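Residues per chain, in single letters:
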Amino acid sequence: MKVRNIILTILLVVLGSVTARAQLVWQISGNGALDKSYLFATNKLTDISFLDSIPNLFKVYTKCDKVITEFVMLDYEAIAALRTASLLPDSVRLMNFYTEDEYKEIDGALMATLGMGLQQLGRMKPQYLTEMYRTELFKQWAGYREDRSSEHFFEGVAQQQGKPVHGLDEIGEAMYMMFDREPFHWQCTELKKVIEYPEREVKQEKILRDLYKQGRLLDISYQVKGPDNQTTISFSDHKVYCDRNRTWVRRLEPYLREGKAFICLNAIYLGGEDGLIAQLQAAGYRVKPVNKAKR
């Protein structure tokens, strides 16, 4: 009896894993679409080796003739424009928004983690500094490697194969999302917060990565917008993402009508009642998991 119970437990875990991972790949059809398209949830901290464990992921990718993503990161002219947008106006100095002790603390933390302090980075917008600092924390504390991140894997593959890659955000909108979605005084507060409580950021991203690997998009949404989230990506950011989803549904329309689009977007945007999946369904599309566990 004990052996039978153990086997049953193992089967339930395996089935749960298959069901969960299936929720990372979604089929989109209906609403006048000429062919099916697919939506793949991504996660920055997840290694590309994880992609091999997702059933039918590469199979549905090969069916598609174009890739849609948030912003075409391999567009080098766009990246150069983003770097320019990360700079503060000449009249603004970060030291005017902190006490002397706070400024020294931020300077010391940046120097210790990035190898550069505010003497080199003081012209950058606080939101940019926050993201730079967070990224380095993830490298040191969570094993993140940019060259092994699965987030932009299919974008790179598509470009190598000659498939067109389209971004849902225009360059100005991408600049806004990366550097200006929060008021300047709040950016300053969040930079100070991430310096004071770096462990919060890493813990949160590890939780999100674990939820992602289990395919729990709804729980990812709750984790971000929940009242217990005290990190720099929280409810206000979630609200901005949900508002942007409505714009994305409209911009996806021509790609979905034509079909054979492979859409890669961060899992943080997809789940919940205001997530992109729900909004696509509300717009009349049939959105369902590609794989279902066999019972």
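Anything mentioned here points back to the structure above.
S.K.: How should the pairing of strand 1 (residues 25-29) be read in this particular structure?
M.R.: Most of strand 1 sits out of view: five of its five residues are buried. The alternating pattern of strand 1 places Val25, Gln27 and Ser29 on one face and Trp26 and Ile28 on the opposite face, and all of these are buried. Where strand 1 meets strand 6 (residues 286-289), four bridges bridge the pair, whose relative direction is antiparallel. Residue pairing in the sheet places Ser29 in a bridge with Arg286 of strand 6.

S.K.: I tried to follow the sheet that holds strand 6 on my own but got confused; where do I start?
M.R.: Strands in a sheet are paired, the pairing made by backbone hydrogen bonds, and the direction either parallel or antiparallel. The six strands are arranged 4-3-5-2-1-6 in an open sheet whose pairing can be described as mixed. With one partner strand each, in any of the chains shown, strand 4 (165-167) and strand 6 form the two edges of the open sheet. The mean inter-strand angle of the sheet, taken between neighbouring strand axes irrespective of direction, is 25°. Note: strand 3 (residues 66-69) against strand 5 (residues 261-266), four bridges, orientation parallel. Each residue of the ladder has a partner; that of Thr69, found in strand 5, is Cys264. Strands strand 2 (37-42), strand 3, strand 4 and strand 5 of the sheet are contacted by helix 7 (residues 153-161), whose axis makes an angle of about 145° with strand 3.

S.K.: Before we go on, may I ask you to explain unusual backbone geometry in this structure?
M.R.: Glycine aside, residues mostly have negative phi, and peptide bonds are mostly found in the trans state. Although it is not a glycine, Asn56 adopts a positive phi angle of roughly 65°. One non-glycine residue, Lys260, lies in positive phi territory at about 60°. Looking at the element boundaries, Lys260 is found in the loop between helix 12 (235-258) and strand 5. Overall, the relative accessible area of 34% leaves Lys260 in the partly exposed class.

S.K.: Please explain a positive patch on the surface as it appears in this structure.
M.R.: On the surface, Lys36, Lys59, Lys63, Arg286 and Lys288 cluster together into a positively charged patch. In this fold, Lys59 is placed in helix 2 (residues 57-62).

S.K.: For this particular structure, what's the right way to read the pattern of salt bridges?
M.R.: By the definition in use, this model includes 23 salt bridges. A salt bridge links Glu131 to Lys44; its shortest N-O distance comes to 3.5 Å. Pair noted here: Glu131 is in helix 6 (residues 126-141) and Lys44 is in the loop between strand 2 and helix 2, with a separation of 87 residues, a long-range link. Overall, Glu131 belongs to the partly exposed group, its relative accessible area being 32%. Measuring nitrogen to oxygen at the nearest pair gives 2.7 Å for the salt bridge that ties Asp219 to Arg216. Through salt bridges with shared partners, a single network forms among Lys44, Glu131, Arg134, Glu201 and Glu205.

S.K.: How do you make sense of the environment of Gln279 when you look at a structure like this?
M.R.: Here Gln279 lies in helix 13 (residues 276-282). Gln279 sits 95 residues away from Phe184 along the chain, and the two C-alpha atoms are 30 Å apart. If near-sequence neighbours (up to four positions away) are discounted, Gln279 is found in contact with Cys242, Asn245, Arg246, Val249 and Asp274.

S.K.: Sorry if this is basic, but what is going on with the nonpolar core here?
M.R.: Where a protein is soluble and globular, its nonpolar side chains tend to be buried together. In terms of nonpolar packing, the biggest core is built from 51 residues, with Phe40 and Phe262 touching the most fellow members. Of all the elements, helix 12 adds the most residues to this core, at six residues. The contact partners of Phe40, leaving out residues within four places of it in the chain, are Leu24, Val25, Leu51, Ile54, Leu57, Phe154, Tyr212, Phe262, Ile263, Cys264 and Leu265. Residues Ile106, Leu110, Leu129 and Ile195 belong to the second largest nonpolar core, which totals 22 residues.

S.K.: Help me understand the packing of aromatic side chains, please; the structure alone is not making it clear to me.
M.R.: For the structure on display, the rule yields 13 aromatic pairs. Between Phe58 and Phe153 the ring centres are 6.3 Å apart and the planes differ by 90°, which places this aromatic pair in the edge-to-face class. Here Phe153 lies in helix 7 and Phe58 lies in helix 2, a separation of 95 residues in the sequence. On the basis of relative accessibility, which here comes to 26%, the residue Phe153 falls in the partly exposed class. Here Tyr61 and Phe154 contribute two aromatic rings whose centre-to-centre distance is 4.9 Å and whose plane-to-plane angle is 40°, an arrangement assigned as tilted.

S.K.: Would you mind going over helix 10 (residues 198-213) with me for this structure?
M.R.: Along an α-helix, residues three or four positions apart point the same way, because every turn accommodates 3.6 residues. End to end, helix 10 covers 23 Å across 16 residues, agreeing with the expected 22 Å (1.5 Å per residue, within 8%). Check the buried side of helix 10 and you find it contacts strand 2, helix 6, helix 9 (184-196) and helix 11 (217-225). Two residues or fewer after helix 10 comes Gly215, characterised by a positive phi angle close to 75°.

About the thresholds
- Residues numbered from 1 in each chain as written.
- Predicted model: local features only at pLDDT ≥ 70, side-chain atom pairs only at ≥ 80, totals over all residues.
- Heavy atoms only, no water.
- Buried < 20%, exposed > 50% of the residue type's maximum accessible area, 1.4 Å probe, protein only.
- Helix = DSSP H or I, 4+ residues; strand = E, 2+ residues; numbered from the N terminus.
- Pairing = 2+ DSSP bridges.
- Axes fitted to C-alpha atoms, helices over the stretch in contact; angles between N-to-C directions.
- Contact = heavy atoms within 4.5 Å.
- Patch = residues over 30% accessible without salt bridge, like charges linked within 9 Å, V, L, I, M, F, W, Y side chains within 5 Å.
- Areas by Shrake-Rupley, 256 points an atom, 1.4 Å probe, with all protein chains shown as cover.
- Salt bridge = Lys/Arg side-chain N within 4 Å of Asp/Glu carboxyl O.
- Lys, Arg positive; Asp, Glu negative; His and termini not counted.
- Charge placed at Lys NZ, Arg CZ, Asp CG, Glu CD.
- Core = buried A, V, L, I, M, F, W, Y, C linked by side-chain atoms within 4.5 Å.
- Phe/Tyr/Trp six-rings, centres within 6.5 Å; stacked < 30°, edge-to-face > 60°.
- Expected span 1.5 Å × (residues − 1).

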